[in-house]
Amino acid sequence: MPSDYRTEGGTAVEAAGEDGRLRVSGAEAKRVKREALGVPDRVKHQQRVAVPMQRRTPEADTRQRVYRYRCYPSPAQAEQLIKTFGACRWTYNEGLALRDKAWREHRVALGFADSCRALTGWRNAEGTRWLQEVSSTVLQQALRHLDAAFGRFFKGSGRQPKRKKKGRSRDSATYVRTGFRWGEDTERPGTGLIALAKQPGPLRVRWSRPLPAGVRPVKLTVSRDRAGRFFVSVLVEERIKPLPPVFLRDGGGPKAVGLDLGLAALVTLDDGEKVDHPRLLKKYGAKLADLQRSLHRKERGSRNRDKARQEIARLYALIADVRRDALDQLTTRLVRENQVLVVEDLAVASLVRSPRGKGRRRKAGLNRAILDAAWGELLRQLRYKCAWYGRTLVIVDRFFPSTRRCSACGATGPKLDLSVRSWSCDGCGAVHDRDVNAARNLREEGLRLYGLVAALPPGRVMPSVIKASEMPDVVLTA
Ligand SMILES: [Zn+2]
């Protein structure tokens, strides 16, 4: 329906119909909904109507956090879950079609509450009574996701909602508070029993790490990835205590660390420590390239192609898991031990090297992608952990010459080729490891920026992220 929406200043708006009619509302809209669309009027006091979710403002020191676990449904449960995924997809698509029809043919705008009332009709209709085998709150959540997708579309931050396709869209179902039961295991706090609505028996969950003890899950999302594995994502509200600040002894400044992101080592610390890349490159890079090549040789639409695609999906999922876990430990340690963490703008790091040589291009491209993802994940974790624990992440400008500058005397050396791993300064004769020198420079520059912000009029809370490119604003507006 390209003519049904037009853009205005970058955001989508509903366009007038072919006959020039604008939005129909009031009693006329009610009549159209009832008679043409099969959406009954709202019946007060007789029927419980889904109320739009109120955005509860969490308390200042609580944060919503998602914990994701692998789960192993029994065959009966798996069957019911797959039915649920299908029903969610069906409901989403049907809600989308109804909204489109209402607008295209009648210029009536349907909202979340309307589609929920339509859902009640579908559940009782002759041909679609199978929807009753699935919890209604779960299906309402599918309509909620649709509504949110439209919201993003009209705000200009999302594309026009499209139909979900089996096998193409992610299988998932969301259970809100009334859709599941939770019982915490008193002997193993942070783990417990999850029973989903319309499911036989509790769900078997592998509690790879406990939830914070005593919290009650707010929302659960059960999903299945393309490799056929089931997961449950548990949303909780937890109270996070900032860690005590770490300062140098004898009245020194905040304890800081400079982090150089690189190819030779994932991270080099300014004290010389080098953290290797999780050995994903060596281990999976070649295999991934092989799989991808073989996928391209398989006939389109064939079973073998499907199989190959699944295998790739499984490998990607594995790589992501291993990487997340490895980085989790590293970032927790770094954030615990330091008050200020300094990195360079990622844009710099990702420019580092383009693949050389013809035959190696594809493999290099894949390696590249794995590297980029590792750096991205590292920064993502540092950002949120700094915010949680009262630390500051300083992101140094991309034009800062972290590599060329001598960290001993401050002289700027010549531009270094990437193959040069160490160099000596013409000015003071210091011999530098390329990455350690860069990390030292970053640390120093980060502390300088941190000092500028800290020197601003008192009463300011140190921000959890200081970005050099936004520094002028910070200093000027203070
Ligand atoms: Zn020097």
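Here we summarise the structure given alongside this text. These numbers come from a predicted model, not from an experiment.

Describing the nonpolar core
Thinking step 1. One finds Tyr69, Tyr175, Leu196, Val205, Leu211, Leu220 and Val232 to be the most contacted residues of the largest nonpolar core, which totals 53 residues.
Thinking step 2. The biggest single contributor to this core is helix α2 (residues 75-106), with 9 residues.
Thinking step 3. Filtering out sequence-adjacent residues up to four positions away, Val205 remains in contact with Tyr69, Arg70, Cys71, Ile194 and Val232.
Thinking step 4. Counting residues in hydrophobic clusters, the runner-up holds 21 residues, among them Leu261, Leu379, Leu393 and Ile395.

Things to note about the coordination of the zinc ion
Thinking step 1. Taken together, the protein ligands of the zinc ion are Cys406 (SG), Cys409 (SG), Cys425 (SG) and Cys428 (SG), with distances of 2.2 to 2.4 Å.
Thinking step 2. Each of the 4 donor atoms bound to the zinc ion contributes to angles spanning 107 to 111°, and the resulting shape is tetrahedral.
Thinking step 3. Mapped onto the polypeptide sequence, the residues donating to the zinc ion form the spacing pattern C-x2-C-x15-C-x2-C.
Thinking step 4. We classify Cys409 as partly exposed; its relative accessible area is 41%.

Some remarks on the pattern of salt bridges
Thinking step 1. Taken as a whole and assessed by the stated rule, the structure comprises 25 salt bridges.
Thinking step 2. Glu133 is the partner of Lys83 in a salt bridge, and the nearest nitrogen-oxygen pair spans 2.6 Å. Remark: Glu133 occurs in the loop between α3 (112-124) and α4 (136-155) and Lys83 occurs in helix α2; sequence separation between them is 50 residues.
Thinking step 3. Two residues, Lys385 and Asp328, come together in a salt bridge whose shortest N-O distance is 2.8 Å. In this pair, Lys385 is assigned in helix α8 (residues 361-389) and Asp328 in helix α6 (residues 303-337), connecting sequence segments 57 residues apart.
Thinking step 4. Salt bridges here are not isolated pairs; linked through shared partners, they connect Lys274, Arg421, Asp433 and Asp435.

Concerning the sheet that holds strand β9 (residues 256-261)
Thinking step 1. Taking strand neighbours across the sheet as the criterion, the 6 strands line up as β11-β10-β9-β12-β13-β16 in an open arrangement whose pairing is mixed. For this open sheet the edge positions go to β11 (274-275) and β16 (465-467), each flanked by a neighbour on one side alone.
Thinking step 2. The pairing of strand β13 (residues 392-396) with β16 spans 3 bridges and is parallel. Across the sheet, residue Leu393 finds its bridge partner in β16, namely Val465.

Focus on the packing of aromatic side chains
Thinking step 1. Applying the stated criterion across every chain yields a total of 9 aromatic pairs.
Thinking step 2. Residues Phe85 and Phe230 carry aromatic rings whose centres are separated by 6.4 Å and whose planes lie at 20° to one another, so their mutual orientation is stacked. With Phe85 in helix α2 and Phe230 in strand β8 (residues 230-239), the pair connects residues that are 145 residues apart, well separated along the chain. Across the pair, Phe230 and Phe85 agree in class, each one buried.
Thinking step 3. Taking 4.8 Å as the distance between ring centres and 55° as the angle between the ring planes, the aromatic pair formed by Tyr384 and Trp388 counts as tilted. Here Tyr384 and its partner Trp388 are both found in helix α8, 4 residues apart, which amounts to about one turn of the helix.

Notes on the packing of α2 against α3
Thinking step 1. Where α2 contacts α3, the two axes come as close as 11 Å, and the packing angle between them is 120°. One element, α2, and the other, α3, form an angle in the oblique class. The chirality of how α2 crosses α3 is right-handed. Along its contact with α2, which presents Trp90, Thr91, Glu94, Gly95 and Leu98, the element α3 presents Ala118, Leu119 and Trp122.
Thinking step 2. A per-class count over the contact of α2 with α3 returns 5 nonpolar, 2 polar and 1 charged.

The rules behind each value
- Per chain, residue numbering runs from 1 following the sequence as it is written.
- Per-residue local features are limited, in this predicted model, to residues with pLDDT of at least 70; the limit for side-chain atom pairs, both in listing and counting, is 80 or more; totals at the level of whole chains, interfaces and linings are taken over all residues.
- Excluded from the side-chain calculation are hydrogens and water; included are all heavy atoms of the structure.
- What we call a nonpolar core is a set of buried Ala, Val, Leu, Ile, Met, Phe, Trp, Tyr and Cys residues that are connected through their side-chain atoms within 4.5 Å.
- Each residue gets one of three labels from its accessible area relative to the maximum for its type: buried under 20%, exposed over 50%, partly exposed in between, using a 1.4 Å probe on protein chains only.
- Numbered from the N terminus, helices here are DSSP runs of H or I no shorter than four residues, and strands are runs of E no shorter than two.
- Throughout, a residue-residue contact means that at least one pair of heavy atoms, one from each residue, lies within 4.5 Å.
- Any N, O or S atom lying within 2.8 Å of the metal counts as a donor, and for Na, K and Ca the limit rises to 3.2 Å; water is left out, so some sites can look incomplete.
- Angular criteria define each label, namely tetrahedral for four donors with all angles between 85 and 135 degrees, square planar for four and octahedral for six donors with opposite donors over 155 degrees apart and remaining angles between 65 and 115, and irregular for whatever fails these tests.
- A pairing counts as a salt bridge when a side-chain nitrogen of Lys or Arg comes within 4 Å of a carboxyl oxygen of Asp or Glu.
- By this definition, two strands are paired if DSSP reports at least two bridges between them.
- Only centres within 6.5 Å qualify two rings of Phe, Tyr or Trp (six-membered ring in Trp) as a pair; their planes then separate them into stacked at under 30 degrees, edge-to-face at over 60, and tilted for everything else.
- Axis lines are fitted through C-alpha atoms, for helices just across the contact stretch, and the angle between N-to-C directions can take any value from 0 to 180 degrees.
- Orientation categories follow fixed angle ranges, with anything under 35 degrees roughly parallel, anything over 145 roughly antiparallel, 65 to 115 roughly perpendicular, and all other angles oblique.
- If you view the pair so one helix is near and one far, a crossing is left-handed when the near helix is turned anticlockwise from the far one by less than a right angle, and right-handed when it is turned clockwise.
- The classification used treats Ala, Val, Leu, Ile, Met, Phe, Trp, Tyr, Cys and Pro as nonpolar, Asp, Glu, Lys and Arg as charged, and all other residues, Gly among them, as polar.

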